[in-house]
Amino acid sequence: FPSHDRNGETSMLAGIVGWGLLELPRIWGRPVKILSTAHELALATEVFEELRETFELWEESGLCKVTWAYGRHKVKMVDGSTYVVKAATGKKHGGTYDIILADELWAITEAAYFGALKPSQIAVPSPIAILTSTAGDESSKVFLRLREQALAQIDRGEPSSLFMAEWSLPPEADPDNPKFWGFANP
């Protein structure tokens, strides 16, 4: 998939959507429901737009039906698997998703994540939530809570279903020194 984003999140998430729609139903033996979200609808649609040419080819080949309307983006595969795009708000209750792809976690509210997104996976066997983000700030409650939870698991050396990968400058690094600039980009 071609990439238009700086750090690769959109390309990675697009690859997961493609895999989730084409391969995962065969592995699990059932249709898969995927949600792509972010704190703003425009940002949430970036993954969908990254896959535009792919979706057009799939639709022409009879593999899926695509709804292109802004705010109602949807792909429905012939096996019943679906991919939808919605903004992450605390008001978006309902729906059940096998995979949630949430971009820019730093700006997603606690009401949206813990009150709407996370509960939408309670009834799903083996749910997958992939949360990507650039750095947050003190107001990034979900981001900070999950990061602290992951670090505590690492410190305890206990296995967990929560996986964290972080690319950051070491705390003592001078951010103006070019030798450290590559640390923040995987």
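As a starting point, this report considers the structure included with it. (Residues numbered from 1 in each chain as written. Predicted model: local features only at pLDDT ≥ 70, side-chain atom pairs only at ≥ 80, totals over all residues. Heavy atoms only, no water.)

Quick notes on the pairing of strand 1 (residues 33–38)
Using the following cut-off: Accessibility here uses a 1.4 Å probe with only protein chains present; expressed as a share of the type maximum, an area under 20% marks a residue as buried, one over 50% as exposed, and anything in between as partly exposed. For the purposes of this entry, the term helix denotes a DSSP run of H or I that reaches at least four residues, the term strand denotes a run of E that reaches at least two, and both are numbered from the N terminus. Pairing between strands is defined by DSSP: at least two bridges between the two strands are required.
For strand 1, the buried fraction is high: five of the six residues fall into the buried class. For strand 1 and strand 4 (residues 82–87), the ladder comprises six bridges, and the chain directions are parallel. Bridge pairing in strand 4 places Lys33 opposite Thr82. Note that strand 1 and strand 5 (residues 99–102) share four bridges and pair parallel. If you follow Ser36 over to strand 5, its bridge partner there is Leu101.

Description of the environment of Ser133
Defined as follows: The contact criterion used throughout is that any non-hydrogen atoms of two residues lie within 4.5 Å. Definition of a polar contact: a pair of N or O atoms within 3.5 Å, with one able to donate and the other able to accept a hydrogen when the atoms are protein atoms, and with sequence-neighbouring residues admitted only if both atoms are side-chain atoms.
With respect to the helices and strands, the residue Ser133 is situated in the loop between strand 6 (128–131) and helix 6 (141–156). Note on Ser133: relative accessible area 23%, which makes it partly exposed. Spatially, the C-alpha atoms of Ser133 and Ala102 are 8.4 Å apart, while their sequence positions differ by 31 residues. Those residues in contact with Ser133, other than ones at most four positions away along the chain, are Glu9, Glu104, Leu105, Trp106 and Phe143. A distance of 3.4 Å separates a polar side-chain atom of Ser133 from the backbone nitrogen of Leu105.

Looking at the packing of aromatic side chains
Stated formally: Note on aromatic pairs: the rings of Phe, Tyr and Trp (six-membered ring only in Trp) are paired at centre separations within 6.5 Å, and the planes decide the class, stacked below 30 degrees, edge-to-face beyond 60, tilted for the rest. Put simply, a charge is over a ring when the Lys NZ or the Arg CZ is close to the ring centre, within 6 Å, and near the line of the ring normal, within 35 degrees.
Tallied over the entire structure, the rule returns six aromatic pairs. Seen from their ring centres, Phe48 and Trp68 are 5.6 Å apart, and the 80° between their planes marks the pair as edge-to-face. Separated by 20 residues along the polypeptide, Phe48 in helix 3 (residues 41–50) and Trp68 in the loop between strand 2 (64–67) and strand 3 (74–77) bring together distant segments of the chain. For Phe48, a relative accessible area of 0% puts it in the buried group. A residue is classified by how much of its surface remains accessible, and Trp68, at 27% relative accessible area, is partly exposed. An aromatic cluster of three or more residues is present, and its members are Phe48, Phe55, Trp58, Trp68 and Tyr83. Cation over ring: Arg145 sits above Phe114, and NZ or CZ is 3.9 Å from the ring centre.

Let's talk about the nonpolar core
Spelled out, the test is: By nonpolar core is meant a set of buried Ala, Val, Leu, Ile, Met, Phe, Trp, Tyr and Cys residues that side-chain atoms within 4.5 Å join together.
Within the largest apolar cluster, 24 residues are counted, with the highest numbers of intra-cluster contacts made by Val17, Leu21, Ile34, Phe55, Val75 and Tyr83. Mapped by element, the contributors of at least two residues to this core are helix 1 (9–22), strand 1, helix 3, helix 4 (52–60), strand 2, strand 3, strand 4 and strand 5. Once residues lying within four places of it in the same chain are set aside, the contact partners of Leu21 are Ile34, Phe55, Trp58, Val75, Met77, Asp79, Ser81, Thr82 and Tyr83. Within the second largest apolar cluster, 13 residues are counted, among which are Tyr97, Ala102, Tyr113 and Val142.

Here's the deal with the sheet that holds strand 2
The line we're drawing: An axis is simply a line fitted to the C-alpha atoms; with a helix, the fit covers only the stretch in contact. Between two such axes, the angle follows the N-to-C directions and lies from 0 to 180 degrees.
Taking strand neighbours across the sheet as the criterion, the six strands line up as 2-3-4-1-5-6 in an open arrangement whose pairing is mixed. With partners counted over all chains shown, the strands left at the sheet margins are strand 2 and strand 6, one partner each. Strand-to-strand twist across the sheet, computed as the mean angle between neighbouring axes with direction ignored, equals 15°. Lying over the sheet, helix 1 contacts strand 1, strand 3, strand 4, strand 5 and strand 6, oriented at roughly 165° with respect to strand 5.

Focus: the pairing of strand 2
Burial along strand 2 is one-sided: the residues Cys64 and Val66 are buried and none of Lys65 and Thr67 is. Bridge analysis of strand 2 against strand 3 gives four bridges, and the strand direction is antiparallel. Paired with Lys65 across the two strands is Lys76, which belongs to strand 3. Linking strand 2 back to strand 3 in an antiparallel pair, the connection comprises six residues, with Gly71 at a positive phi of about 90°.

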